[in-house]
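# Understanding the architecture of this molecule
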Amino acid sequence: MADLQKEFNDYTKNLNKASKDENIKKAITRAVKSYRETTAETLNRFPHTPEMAEEVRGIKSNSIAHNSELLKQAMDSVERNKGKAFYAKDKQEALEMTAKIIGTGKTIVKGKSMLGEELSLREYLEEKGNEVWETDLGEFILQLNHEKPMHILSPSIHVPREKVAELFTKFFNKEVPPDIAQEVAVVRDFLREKYFTADVGISGANVVAADTGAMVIIENEGNVRLSTGAPPVHIVLVGIEKIVPTFQEAMKVTEVTWRYAQYGVPGYVNIISGPSKTGDIEKVTTYGAHGPKEFYVIFVDNGRSDMAKEEEFSEALHCLRCGGCMYECPVFQVTAGHFGHVYMSGIGAVWTAFVAGGLEKAAPLVFTCLRCGRCVERCPMKINVPSMIQKLRERVVCG
Ligand code: SF4
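In what follows, the accompanying structure is described. Source: prediction; values computed, not measured. (Residues numbered from 1 in each chain as written. Predicted model: local features only at pLDDT ≥ 70, side-chain atom pairs only at ≥ 80, totals over all residues. Heavy atoms only, no water.)

## A closer look at the overall build of the protein chain
- For the protein chain, the helix and strand inventory stands at 19 helices and 14 strands.
- Taking 2.2 N^0.38 as the reference for a compact globule, 399 residues should give roughly 21 Å; the C-alpha atoms of the protein chain span a radius of gyration of 21 Å, in line with that estimate.
- Each principal axis of the C-alpha atoms in the protein chain carries an extent, and together these give about 65 × 55 × 50 Å.
- The proportion of buried residues among the 399 residues of the protein chain is 55%.
- In the structure as shown, the protein chain presents an accessible area of about 17700 Å², 51% of it carried by carbon and sulfur atoms. (Helix = DSSP H or I, 4+ residues; strand = E, 2+ residues; numbered from the N terminus. Rg over C-alpha atoms; globule rule 2.2 N^0.38 Å. Buried < 20%, exposed > 50% of the residue type's maximum accessible area, 1.4 Å probe, protein only. Areas by Shrake-Rupley, 256 points an atom, 1.4 Å probe, with all protein chains shown as cover.)

Next up, the structure:
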């Protein structure tokens, strides 16, 4: 870890700057208040949720313990559904597999995915000569502003409407006022044309059911429906830790995820298991009806199996990416995603260490975490982040 000193210096400079940023302060203060109020109200409305979260902890733990069998089963299920399933052992393999399917000179519409960030997927596909559009509004804003996400669910949480208006006015080459409804409308109009002319749609998945090969994707904007439904080709890139044994279990994981992600019920829950099909003429199943004709799933490892093998860290794979812990983290509350490297806050430090840059990139993060345990209280999976942070500190210091 020769460059550790430099990592610390660059990171500290950036973190100090972020902590003085008025936009971050304003945006996160509002977001924390809204998250706490909405989640309290939602859990009150659906009081079975904490008990279901307890059950989901068991499902995730069992799934991680049997991950290799479930991966095989999930891949077989995808193939049975007339999709094509692949296993990518690392980032490079995942990127090359995706590029091989897509080729060059294509238009791609992409849904929000932290795995996509982990792989730098958009940048890679652009380098290969493709036009790639982020379709989640927050990600679209970041794409135009050449920035990285500041929260795993609300990537542009730190960008106020005035800044969005400036950005859009410049990009669309027409006056866009700092009015959120008008800002949303202008992106809606722009992306609509892209969905129906795109060659490929790319998405992640929140959960995968091994028994059926069903990919479950939670969203509110409707962009995932269009990205995965309109283009002739759909590619799913998903981490192997997202696989659970059965469809019923996948539904439980899905409900707990959205509930702790601040939604009573999300706008849409997409369940996709293969290319579109019809049996309307003589009951002959024919693939390639109104939706995609081709369906590919790339299951990505990239360090997850190594994490699963380590008793002290495997629990981090239970993370549902609900984002709740970030709102409770005292460091995140003043710095947003600057307390992170791809993945954010305490849990992000653990993920960074294993899948997104290694111990060198994670080192400054593990010494930023206060180990206060507020994340554990909020976390539906009760992941013991402070204990993992302590273990990572020992590794940084003692090797
Ligand atoms: S660590 Fe827990 S609270 Fe944080 S994103 Fe993961 S599941 Fe949600």
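On we go from here.
## Overview of the site of the ligand
- As a matter of local geometry, the ligand sits amid Cys319, Leu320, Arg321, Cys322, Gly323, Cys325, Ile347, Cys379, Pro380 and Ile383.
- Across the shell around the ligand, the residue classes tally to eight nonpolar, one polar and one charged. (Near = heavy atom within 4 Å. Nonpolar A, V, L, I, M, F, W, Y, C, P; charged D, E, K, R; others polar.)

## Let's talk about the packing of helix α17 (residues 358–366) against helix α19 (residues 385–398)
- Between α17 and α19, whose axes approach to 10 Å, the crossing angle comes to 120 degrees. Judged on the interaxial angle alone, α19 and α17 are oblique. For the element pair α17 and α19, the recorded crossing hand is left-handed. Taking contact as the criterion, the partners of Leu359, Ala363 and Val366 in α17 are, on α19, Ile389, Leu392, Arg393, Arg395 and Val396.
- When its residues are assigned to classes, the contact of α17 with α19 shows six nonpolar, no polar and two charged. (Axes fitted to C-alpha atoms, helices over the stretch in contact; angles between N-to-C directions. Parallel < 35°, antiparallel > 145°, perpendicular 65-115°, else oblique. Left-handed = near helix turned anticlockwise from the far one by under 90°. Contact = heavy atoms within 4.5 Å.)

## Considering unusual backbone geometry
- In this structure, His146 is a non-glycine residue whose phi angle is positive, near 50 degrees.
- Here His146 shows up in the loop between α8 (137–145) and α9 (161–172).
- Phi is positive for Ser345, close to 65 degrees, though the residue is something other than glycine.
- If you trace the backbone, Ser345 turns up in helix α16 (residues 345–355).

## Examining helix α3 (residues 49–65)
- Relative to the 24 Å expected for 17 residues at 1.5 Å per residue, α3 spans 24 Å between its end C-alpha atoms, a close match to the ideal helical length.
- Taken as a whole, α3 has its buried residues at Thr49, Met52, Ala53, Val56, Arg57, Ile59, Lys60, Ser63 and Ile64.
- Residues of α3 that are buried in the fold lie against α2 (22–45), α4 (67–80), β8 (243–244), α12 (247–260) and α13 (304–309). (Expected span 1.5 Å × (residues − 1).)

## Description of the sheet that holds strand β12 (residues 294–300)
- The six strands are arranged β1-β12-β7-β4-β2-β3 in an open sheet whose pairing can be described as parallel. Of all strands in the sheet, those with a lone pairing partner are β1 (84–88) and β3 (131–134), marking the two edges. Across this sheet, the average inter-strand angle for adjacent strands is 20 degrees, counted without regard to direction.
- As paired strands, strand β2 (residues 107–110) and strand β4 (residues 200–203) are joined by three bridges and run parallel to one another. Pairing of Val109 across the sheet is with Gly201, part of β4.
- Here helix α5 (residues 91–102) sits on the sheet in contact with β1, β2, β4, β7 (233–239) and β12, set at roughly 150 degrees to β1. (Pairing = 2+ DSSP bridges.)

## Regarding the sheet that holds strand β5 (residues 207–209)
- Taking strand neighbours across the sheet as the criterion, the four strands line up as β8-β5-β6-β9 in an open arrangement whose pairing is mixed. The open sheet terminates on both sides in strands that have one partner only, identified here as β8 and β9 (268–272).
- Two elements, β5 and strand β6 (residues 214–219), share three bridges in a ladder whose sense is antiparallel. Directly across from Val207, in β6, lies its bridge partner Val216.
- Contacting β5, β6, β8 and β9, α12 crosses the sheet at an angle of about 15 degrees to β6.

## Re the packing of aromatic side chains
- Under the criterion given, the structure shown has 16 aromatic pairs.
- Consider the rings of Phe86 and Tyr296, whose centres lie 6.4 Å apart with planes at 20 degrees: the pair is stacked. Placement of the pair is Phe86 in strand β1 and Tyr296 in strand β12, with a sequence separation of 210 residues.
- Grouping aromatic residues by their ring pairs yields a cluster made of Trp133, Phe140, Phe168, Phe171, Phe172 and Phe190.
- Across the ring face of Phe46, the terminal group of Arg259 is positioned such that the distance to the ring centre comes to 4.1 Å.
- Cation over ring: Arg321 sits above Trp351, and NZ or CZ is 4.1 Å from the ring centre. (Phe/Tyr/Trp six-rings, centres within 6.5 Å; stacked < 30°, edge-to-face > 60°. Lys NZ or Arg CZ within 6 Å of the ring centre and 35° of its normal.)

## Thoughts on the layout of surface pockets
- For the second largest pocket, the calculated volume is near 460 Å³.
- Along its surface, the second largest pocket is lined by 21 residues, and Asn14, Gly337, Gly340, His341 and Val342 are the ones closest to its centre.
- Looking at which element gives the most residues to the lining of the second largest pocket, the answer is helix α1 (residues 4–19), with four residues.
- Residue composition of the lining of the second largest pocket, by class: eight nonpolar, six polar and seven charged.
- The residues that make up the lining of the second largest pocket include at least three from each of domain 1 (4–45 + 311–398) and domain 2 (52–302). (1 Å grid on protein atoms, 1.4 Å probe; cavity = no way out; pocket = protein on both sides within 12 Å on 5 of 7 lines; lining within 4 Å. Points joined across faces, edges and corners; volume = space filled by probe spheres on them. Domains from an automatic or database assignment.)

## Observations regarding the nonpolar core
- Grouped together as the largest cluster of nonpolar side chains are 69 residues, with contacts concentrated most on Val256, Met307, Phe339, Ile347, Trp351 and Ile383.
- For this core, the element with the highest residue contribution is α16, accounting for seven residues.
- Among the domains, domain 1 (4–45 + 311–398) and domain 2 (52–302) are the pair contributing at least three residues each to this core.
- Each residue touching Val256, except ones within four places of it in the same chain, is listed here: Thr49, Met52, Ala53, Val56, Leu320, Pro380 and Met381. (Core = buried A, V, L, I, M, F, W, Y, C linked by side-chain atoms within 4.5 Å.)

## As for α4
- The end-to-end C-alpha separation of α4 is 20 Å, in line with the 20 Å expected for 14 residues at 1.5 Å each.
- Those residues of α4 not exposed but buried are Asn67, Leu70, Leu71, Ala74, Met75, Ser77 and Val78. The buried residues of α4 occupy one face: seen down the axis, they fall within an arc of 160 degrees. Facing away from the buried side of α4, by more than 90 degrees, are the exposed residues Ser68, Lys72 and Arg80.
- The secondary structure elements touched by the buried residues of α4 are α3, β1, β5, β6, β8 and β12.
- Directly beyond the C-terminal end of α4, a positive phi value near 75 degrees is found at Lys82. (Arc of directions from axis to C-beta.)

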